[in-house]
Amino acid sequence: MVNIENVLFTTTLLLYFAAMILYFVFIAVKRDAVSKVAVIIHAAGLIIHTAAIVLRGIAAGRLPLTNQYEFATAFAWGLSLVSLVFILKFRFPVLGAFAAPVTFLIIGYAAMQSKKIHELMPALQSGWLGFHVSTAIIAYGAFGVSAVIAAIFLLRDKMKDKGFLDRNIPNKEKLDMISYRSAALGILFLTFTIITGAIWAERAWGSYWSWDPKETWSLVTWIVYAVYLHLRIRRGWRGRSAAIFAVVGFVCVIFTYIGVNTLLPGVHSYA
């Protein structure tokens, strides 16, 4: 079963790479047929990716969300899912040209991690595992899409073919709103992540909060996005400044996941 999972993972990696290239080709040649093929391959990659995660869970006899490889591939899955939903909902294939490289880099990072299945340490043997990690995956995926759309917002005026822009990219006001909604979805699920993590920590270690580096940077990320939402709702923040803030927020997300695990090891070093 592990061998089948490895084959599915490799297939997923190749499909995401193919989708990324086709999204780039779509922008270059501006043909709708290319974007449709890219979306189909993207969706196929997501389906096979889902199957690989399910098989991993069956082989491990638990939720496959407890080490660097498992969380990275789940992170890529969340970003792939959220971006595909936004592409289909808003008829926005250009989003794929920005989201697919991020997804490919994250799953590429997963490919460099050890795939060995380990038995769960006692602290992780809890029903809170699924709630805590799954909400983090959705939050990170939503933040990633928010940042990607913010990047498109910042680059939109620099794109020359206005007819192509009008057909395939929402106007700046709509881009701004989509980025905001995605960030709002992300902070909602990050709030669930922090709350469930605190409850789980109290049951596992007897303390709701220990200022572990991962906990601290999760809180920093939450504060960054809370400030973003506050400025938008209370101060009417829109446009370029909000887009830059959304990109900076996702940098905090990436550091919370990869940077903290690499530079600031703690009790969350397994994830």
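In this report, we go over the structure that sits alongside the text. Quick caveat: nothing in here was measured; it's all calculated off a predicted structure.

About the cut-offs
Residues numbered from 1 in each chain as written. Predicted model: local features only at pLDDT ≥ 70, side-chain atom pairs only at ≥ 80, totals over all residues. Heavy atoms only, no water. Core = buried A, V, L, I, M, F, W, Y, C linked by side-chain atoms within 4.5 Å. Buried < 20%, exposed > 50% of the residue type's maximum accessible area, 1.4 Å probe, protein only. Helix = DSSP H or I, 4+ residues; strand = E, 2+ residues; numbered from the N terminus. Contact = heavy atoms within 4.5 Å. Salt bridge = Lys/Arg side-chain N within 4 Å of Asp/Glu carboxyl O. Expected span 1.5 Å × (residues − 1). Phe/Tyr/Trp six-rings, centres within 6.5 Å; stacked < 30°, edge-to-face > 60°. Lys NZ or Arg CZ within 6 Å of the ring centre and 35° of its normal.

### Quick notes on the nonpolar core
One recurring pattern in soluble globular proteins is that nonpolar side chains are buried together.
Phase 1: F92 and L95 are the most contacted members of the largest nonpolar core, which totals 68 residues.
Phase 2: Of all elements in the fold, only α1 (2-29), α2 (32-60), α3 (68-89), α4 (94-111), α5 (128-156), α7 (172-205), α8 (213-235) and α9 (239-263) reach the threshold of two or more residues within this core.
Phase 3: Ranked by the residues each element gives to this core, the list is headed by α5, at 14 residues.
Phase 4: Setting aside residues no more than four positions away along its own chain, F92 makes contact with F86, I87, I149, I152, N168, I169, P170 and L175.

### Observations concerning the pattern of salt bridges
Phase 1: Counting across every chain of the model gives four salt bridges.
Phase 2: R56 is the salt-bridge partner of E70, the closest N and O atoms lying 3.0 Å from each other. Of the two residues, E70 is situated in helix α3 and R56 in helix α2; the sequence distance between them amounts to 14 residues. Across this residue pair, the class does not change: E70 and R56 are buried.
Phase 3: D176 is the salt-bridge partner of R232, the closest N and O atoms lying 2.7 Å from each other.

### What to know about α4
Phase 1: Across its 18 residues, α4 extends 26 Å between first and last C-alpha, which sits within 8% of the 26 Å expected from 1.5 Å per residue.
Phase 2: Those residues of α4 that fall on the buried side of the exposure criterion are V94, L95, G96, A97, A99, A100, P101, T103, I106, I107, Y109 and A110.

### As for the environment of N3
Phase 1: Turning to its location among the elements, N3 is positioned in helix α1.
Phase 2: Sequence separation between N3 and L55 is 52 residues; the distance between their C-alpha atoms is 9.9 Å.

### Overview of the packing of aromatic side chains
Phase 1: Within the structure shown, the criterion is met by ten aromatic pairs.
Phase 2: Where F143 meets Y225, the ring centres are 3.8 Å apart and the plane angle is 15°; that geometry is what we call stacked. Of the two residues, F143 sits in helix α5 while Y225 sits in helix α8, which places them 82 residues apart along the sequence. The exposure classification of F143 matches that of Y225, with both residues buried.
Phase 3: The structure contains a cluster of three or more aromatic residues connected by ring pairs, namely F71, F75 and Y140.
Phase 4: Across the ring face of F90, the terminal group of K89 is positioned such that the distance to the ring centre comes to 5.6 Å.
Phase 5: The positively charged end of K172 is found above the aromatic ring belonging to F153, 4.5 Å away from the centroid.

### Observations concerning unusual backbone geometry
Phase 1: Although it is not a glycine, K30 sits at a positive phi angle of roughly 60°.
Phase 2: Here K30 is to be found in the loop between α1 and α2.
Phase 3: Of the residues examined, K30 reaches a relative accessible area of 32% and is grouped as partly exposed.
Phase 4: Residue R91 is not a glycine yet carries a positive backbone phi of 50°.
Phase 5: On the secondary structure map, R91 appears in the loop between α3 and α4.

### Some points on the environment of A142
Phase 1: Within the secondary structure, A142 sits in helix α5.
Phase 2: As for A142 and R181, which are separated by 39 residues in sequence, their C-alpha atoms are 9.0 Å apart.
Phase 3: Residues within four places of A142 in sequence aside, it is in contact with V82, S182, L185 and G186.

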